[in-house]
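Listed below are the residues making up each chain.
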Amino acid sequence: MEPIERDQHCASIADALSCGLLFLDMSCRVMRANRAFVAMTGHAADTLSGKGVSEVAALVFEPEVAAWFTSKMDLVMKGQVPELEPVVVIAKDGRKIPAACGVGFVRDNSGVSIAILVTIEDISDARKIEQELRNANVLLSKALTDLKRTQQQVIHSERLNAVGQMASGIAHDFNNSLMPILGFSELMIKRPNLIDNREEALS
């Protein structure tokens with residue numbers, strides 16, 4: 001099997017991928033960086049070749065992330081494969097790129113590890129969509145709150161309307177009851193002599 005750093009078939013496959021790839025030998029020195037890694041970081045493949053993992057980490061990560069990454073590689077050398085982790089890549093031109101970083105092994109036909117593979121995937125679009133969804137969720141929550149407030153106002157208005165209709169009905173009933181009383185009262189005011197004859201007044 002041809003060494004990874006000289007394997008053109010491996011290089012073609014690696015360069016066809018959109019994910020940044022970094023091939024390290026088993027002593028954690030860079031053997032190859034694919035086209036996507038170079039485009040993402042802005043560091044040429046030949047300048048990365050032969051550098052130790054701590055040197056590369058210092059080039060593409062902020063100091064605290066570089067230290068974290070180097071400690072992860074220590075675990076990898078002991079045979080442990082860490083899970084995919086979110087990181088921020090610092091490109092050569094100063095751009096900060098949200099990414100997901102993973103580490104695995106390249107094995108030969110007999111299953112022996114012959115290289116360490118670092119993957120760095122640009123998740124800017126995913127983060128943008130996530131933020132848009134978060135913003136949409138905030139707007140939906142506000143709309144729901146406004147809808148509930150409007151619903152309460154409508155219920156309150158309907159209750160007031162029902163109370164008004166009930167009051168109007170009661171007033172109408174009172175009016176019907178009071179009309180004869182008012183009528184007879186006015187009649188008695190105009191003709192007080194009716195009271196003199198009790199029987200005529202009652203009839």
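This structure is a prediction, so every number in the text was calculated from the model and none was measured.

## Some words on the overall build of the chain
Within the chain, the regular secondary structure consists of seven helices and five strands. Here the chain holds 203 residues, and the buried ones make up 27% of them. Looking at the chain as shown, the accessible area adds up to about 13800 Å², and 58% of this sits on carbon and sulfur atoms.

## Description of a nonpolar patch on the surface
On the surface, Val163, Met166, Ile170, Phe174, Leu178, Met179, Ile181 and Leu182 cluster together into a nonpolar patch covering about 790 Å² of accessible area. Tracing the chain through its elements places Leu178 in helix H6 (residues 124-190). Judged by relative accessible area, which is 40%, Leu178 ranks as partly exposed.

## Focus: the pairing of strand S4 (residues 96-107)
For a regular strand, side chains alternate in direction, first toward one face of the sheet and then toward the other. By the criterion of burial, S4 is predominantly enclosed, with nine of the twelve residues buried. For S4 and strand S5 (residues 113-122), the ladder comprises nine bridges, and the chain directions are antiparallel. Looking at the pairing, Cys101 lines up with Ile120 of S5. Turn length for the S4-S5 hairpin, with the two strands adjacent in sequence and antiparallel, is five residues, and the turn residue Gly111 shows positive phi of about 90°.

## Comments concerning the sheet that holds S5
Whenever strands of a sheet pair, they do so through backbone hydrogen bonds, lying parallel or antiparallel. If you walk across this open sheet you meet the five strands as S2-S1-S5-S4-S3, and the pairing is antiparallel. Here the strands that pair on one side only, and so sit at the sheet edges, are strand S2 (30-33) and strand S3 (85-90). Neighbouring strand axes in the sheet, compared pairwise and without regard to direction, differ in orientation by 30° on average. The sheet contact formed by S3 and S4 spans six bridges and is antiparallel.

The rules behind the values
Residues numbered from 1 in each chain as written. Predicted model: local features only at pLDDT ≥ 70, side-chain atom pairs only at ≥ 80, totals over all residues. Heavy atoms only, no water. Helix = DSSP H or I, 4+ residues; strand = E, 2+ residues; numbered from the N terminus. Buried < 20%, exposed > 50% of the residue type's maximum accessible area, 1.4 Å probe, protein only. Areas by Shrake-Rupley, 256 points an atom, 1.4 Å probe, with all protein chains shown as cover. Patch = residues over 30% accessible without salt bridge, like charges linked within 9 Å, V, L, I, M, F, W, Y side chains within 5 Å. Salt bridge = Lys/Arg side-chain N within 4 Å of Asp/Glu carboxyl O. Pairing = 2+ DSSP bridges. Axes fitted to C-alpha atoms, helices over the stretch in contact; angles between N-to-C directions.

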